[in-house]
Amino acid sequence: YKFCLTVKCLGVNMLEKLEKFQVLLLAVVIALGGIIAASILTGAVSKDVISVTGSYSQNVVSDSGTFEFEIRARKSTKPESYAQINKQRPLVIKYLEEQGFSKDEIDVKALRGYDIYRISPNGMSTNQIVAFDASQRFTVRSTDVQKIKKVSTDITNLTAKGVDINVYEPSYFYSKLSDVKVKLLEEATKDAKQRASAMLKATHNRVGKIQSVRMGVFQITPVDSTNVSDMGINDTTTIEKKITSVANVTFRIK
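What counts and how
- Residues numbered from 1 in each chain as written.
- Predicted model: local features only at pLDDT ≥ 70, side-chain atom pairs only at ≥ 80, totals over all residues.
- Heavy atoms only, no water.
- Helix = DSSP H or I, 4+ residues; strand = E, 2+ residues; numbered from the N terminus.
- Buried < 20%, exposed > 50% of the residue type's maximum accessible area, 1.4 Å probe, protein only.
- Contact = heavy atoms within 4.5 Å.
- Expected span 1.5 Å × (residues − 1).
- Core = buried A, V, L, I, M, F, W, Y, C linked by side-chain atoms within 4.5 Å.
- Polar contact = N/O pair within 3.5 Å; in protein donor to acceptor, adjacent residues only side chain to side chain.
- Patch = residues over 30% accessible without salt bridge, like charges linked within 9 Å, V, L, I, M, F, W, Y side chains within 5 Å.
- Areas by Shrake-Rupley, 256 points an atom, 1.4 Å probe, with all protein chains shown as cover.
- Salt bridge = Lys/Arg side-chain N within 4 Å of Asp/Glu carboxyl O.
- Lys, Arg positive; Asp, Glu negative; His and termini not counted.
- Charge placed at Lys NZ, Arg CZ, Asp CG, Glu CD.

Student: Please clarify how the environment of I93 should be interpreted in this entry.
Tutor: Mapped onto the secondary structure, I93 falls in helix α2 (residues 78–98). Judged by its relative accessible area of 23%, I93 falls in the partly exposed class. For the pair I93 and I106, spaced 13 residues apart in sequence, the C-alpha to C-alpha distance is 8.0 Å. If near-sequence neighbours (up to four positions away) are discounted, I93 is found in contact with V108 and F138.

Quick look at the structure:
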């Protein structure tokens, strides 16, 4: 009899525990359902936006330029090499002044040079000095970019007068770039809105307020170039340039 009572008591206790477990399980299910529902709702709201990339380009003409070149001399000794440079320098400066450059536009760098050592038959450098290389660099600046372009190619004619000269590619710049960038960003944002409107037209939705704007890099390229770079491009090789701005804009959908 006592044994049966014990079994009966155990059965009642197990039943009570089972009921509590079911209640707890139900609560967990309801909680998970609420979380999932909230997640779905949040996902729907967060997707109620559209992200579009807009762009705008403008052509500009460089308003300043520079070009660099150097004159060289190789003689047996350092004094002879420097003397040859000193002989060539006045010819160069005279030529530049005749082309319309003022002294303020001509920057003459310091003389520099180095020893040339004899090379042994096995291709190794020896300690014997056989010559001295001297050079002097010039930088010419002007707001007349066409004059920069012309002289940077014509100055090599000085070789006919005994001037040993190396000319480097000229560089061209646009000084009002910061002002243009503001306008380009505004136009790129407008372009993004127009693209978003076109995309939403088929769904009978409209573009709402801007949620976020992220400015892309500027591409400054030759006019006919289609090159782009994640780091941006800053072309200095051409007088006429194309400046392209990009704006990544996220709009609310109405």
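Student: Help me understand helix α4 (residues 177–201) in this model?
Tutor: Along an α-helix, residues three or four positions apart point the same way, because every turn accommodates 3.6 residues. With 25 residues, α4 extends 36 Å from end C-alpha to end C-alpha; this agrees with the ideal 36 Å at 1.5 Å per step. The complete set of buried residues in α4 reads V180, L184, A188, D191, A192, A196 and L200. Packed against the buried residues of α4 are β1 (49–61), β8 (207–215) and β11 (240–253).

Student: I tried to follow α2 on my own but got confused; where do I start?
Tutor: Spanning 21 residues, α2 covers 31 Å between terminal C-alpha atoms, matching the ideal 30 Å at 1.5 Å per step. Among the residues of α2, S81, I85, Q88, V92, Y95 and L96 are the ones counted as buried. The elements touched by buried residues of α2 are β2 (64–75), β3 (106–108), β5 (125–142) and α3 (145–154). Positioned one or two residues after α2, G100 has a phi angle of 100 degrees, which is positive.

Student: I would appreciate a short explanation of the nonpolar core in the present structure.
Tutor: When a protein is soluble and globular, its nonpolar side chains tend to lie buried together. Ranked by size, the top nonpolar core spans 23 residues in total, and within it F67, F69, V92, L96 and I155 carry the most contacts. Only β2, α2, β5 and α3 provide two or more residues apiece to this core. In this structure F67 touches L96, F138, T139, V140, I148, V151, S152, I155, V167 and P170, once residues within four positions along its chain are discounted. One finds I50, V52, V207 and A247 within the second-largest nonpolar core, a separate group that totals 11 residues.

Student: Would you explain the side chain of D191 in this entry?
Tutor: Note that D191 resides in helix α4. Residue D191 is classed as buried on the basis of its relative accessible area, which comes to 17%. A polar side-chain atom of D191 sits 2.9 Å from the main-chain amide nitrogen of S55. There is a polar contact of 2.9 Å between the side chain of D191 and the side chain of R195.

Student: Would you mind showing me how to read a positive patch on the surface here?
Tutor: A surface patch of positive charge is lined by K193, R206, K209 and K254. With respect to the secondary-structure elements, R206 resides in the loop between α4 and β8.

Student: Please clarify how unusual backbone geometry should be interpreted in this entry.
Tutor: As a rule of thumb, non-glycine residues mostly have phi less than zero, and peptide bonds are mostly trans rather than cis. Even without a glycine there, the phi angle at H204 is positive, about 60 degrees. Here H204 shows up in the loop between α4 and β8.

Student: Is there a simple way to think about the environment of I253 in this case?
Tutor: As for its position among the elements, I253 is in strand β11. Separated by 46 residues in sequence, I253 and V207 place their C-alpha atoms 5.2 Å apart. Not counting residues up to four positions away in its chain, the partners in contact with I253 are D48, V49, I50, L200, N205 and R206.

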